[in-house]
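Results of the structural survey
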Amino acid sequence: KNQVEQSPQSLIILEGKNCTLQCNYTVSPFSNLRWYKQDTGRGPVSLTIMTFSENTKSNGRYTATLDADTKQSSLHITASQLSDSASYICVVSGGYSTLTFGKGTMLLVSP
Amino acid sequence: DAGVIQSPRHEVTEMGQEVTLRCKPISGHDYLFWYRQTMMRGLELLIYFNNNVPIDDSGMPEDRFSAKMPNASFSTLKIQPSEPRDSAVYFCASSPLVGGADEQYFGPGTRLTVT
């Protein structure tokens, strides 16, 4: 069964600090992995996407990594800001029409 | 482009009533998706369309749920009769392509409360 597990479930950090969110998946076959940011009361917005051959992708202060061998991905946030407070969702595409969503990590950046 | 448009943004209804959620995808996107999001289960794909044709409705929870896409610019998700366990945020998303590198663009969602 295709599954995406994210950890931690929630996280509180101080403004300016770094943090790393984890995503483990068992989706097969694998096409790509995407991280979404979902602000409270809004729809998810894509941050990064990585295919099988990519192991790092950056978007400003967000850096995603992918280890296709161990089926793990991480999202690293550098110098966190209050606006980073959101839910971060890992989504794995298994090819045509197959999308498996993680339940997300709720991040709160405290002043 | 205004992005994906959903209406209403909030809906409160009584158990047993019919509920209709509406979505206007981004112009030119061939794929439209309906999702349900709850704290317990996260985001769940209910159904998706390609060129107005339903492709996969395996995520639709039961016969009380139905979705239509009469044209490229409009889709509805209907729940009849509604039940309290249907309370969730329902998202519509559109994409030029599914499963590939093209991302899905989500609407703001409709928060449904069934009392």
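Scroll up a little and you will see the structure.
Residues numbered from 1 in each chain as written. Chains lettered and ligands numbered in written order. Predicted model: local features only at pLDDT ≥ 70, side-chain atom pairs only at ≥ 80, totals over all residues. Heavy atoms only, no water.

**Describing the overall build of chain A**
Looking only at helices and strands, chain A features zero helices and eleven strands. Ordered by position from the N terminus, the helices and strands of chain A form the series β-β-β-β-β-β-β-β-β-β-β. Radius of gyration (C-alpha) of chain A: 13 Å, near the 13 Å computed for a compact globule of 111 residues. Across its three principal axes, chain A shows a C-alpha extent of roughly 40 × 25 × 20 Å. Residue burial in chain A is summarised as follows: out of 111 residues, 47% are buried. Relative to all contacts within chain A whose residues are 6 or more apart in sequence, the contacts with residues 24 or more apart total 55%. Per element, the accessible surface of chain A, about 5400 Å² overall, is 50% carbon and sulfur. Here chain A contributes 9 positively and 7 negatively charged side chains, and the mean placements of these two sets differ by 5 Å. (Helix = DSSP H or I, 4+ residues; strand = E, 2+ residues; numbered from the N terminus. Rg over C-alpha atoms; globule rule 2.2 N^0.38 Å. Buried < 20%, exposed > 50% of the residue type's maximum accessible area, 1.4 Å probe, protein only. Contact = heavy atoms within 4.5 Å. Areas by Shrake-Rupley, 256 points an atom, 1.4 Å probe, with all protein chains shown as cover. Lys, Arg positive; Asp, Glu negative; His and termini not counted. Charge placed at Lys NZ, Arg CZ, Asp CG, Glu CD.)

**Here's the deal with the sheet that holds strand β8 (residues 74-79) of chain B**
Residues and elements named next belong to chain B. The sheet built from four strands is open, its strands ordered β1-β3-β8-β7 with antiparallel pairing. A single partner strand is all that each edge strand has here, and the edge strands are β1 (5-7) and β7 (65-71). Across the sheet, the mean angle from the axis of one strand to that of its neighbour is 15 degrees, orientation sign disregarded. (Pairing = 2+ DSSP bridges. Axes fitted to C-alpha atoms, helices over the stretch in contact; angles between N-to-C directions.)

**Examining the side chain of Asn50(B)**
Residue and element names in this part refer to chain B. Mapped onto the secondary structure, asparagine 50 falls in strand β5 (residues 42-50). Looking at asparagine 50, its side chain comes within polar contact range of the side chain of tyrosine 31, at 3.4 Å. If sequence neighbours within four positions are ignored, asparagine 50 has contacts with Asp30, Tyr31 and Ile55. (Polar contact = N/O pair within 3.5 Å; in protein donor to acceptor, adjacent residues only side chain to side chain.)

**Describing the environment of Tyr36(A)**
Here Tyr36(A) shows up in strand β4 (residues 32-38). Here Tyr36(A) falls in the buried class, since its relative accessible area comes to 5%. Residues Tyr36(A) and Cys90(A), 54 residues apart in the sequence, show an inter-C-alpha distance of 6.4 Å. Not counting residues within four places of it along the chain, the set of residues in contact with Tyr36(A) comprises Pro44(A), Val45(A), Ser46(A), Leu47(A), Ser87(A), Tyr88(A), Ile89(A), Val91(A), Glu103(B), Gln104(B) and Phe106(B).

**Some remarks on the pattern of salt bridges**
Residues and elements named next belong to chain B. Scanning all chains against the criterion turns up eleven salt bridges over all chains. Here glutamate 62 makes a salt bridge to arginine 64, at a shortest N to O gap of 2.8 Å. Residue glutamate 62 is classed as partly exposed on the basis of its relative accessible area of 27%. When salt bridges with common partners are traced through the structure, they connect Glu62, Arg64, Glu83, Arg85 and Asp86 into a single cluster. (Salt bridge = Lys/Arg side-chain N within 4 Å of Asp/Glu carboxyl O.)

**Quick notes on unusual backbone geometry**
All names here are of chain A. Serine 7 connects to proline 8 through a cis peptide bond whose omega is -10 degrees. Along the chain, proline 8 turns up in the loop between β1 (4-7) and β2 (10-14). Cis peptide bonds are those with omega within 30 degrees of zero, and the linkage from serine 28 to proline 29 qualifies with -5 degrees. As for its placement among the helices and strands, proline 29 is situated in the loop between β3 (19-25) and β4. Residues other than glycine seldom take positive phi values, yet lysine 71 does so here, at roughly 60 degrees. On the secondary structure map, lysine 71 appears in the loop between β7 (62-67) and β8 (72-77). Not every positive phi belongs to a glycine, and alanine 79 is a case in point at roughly 50 degrees.

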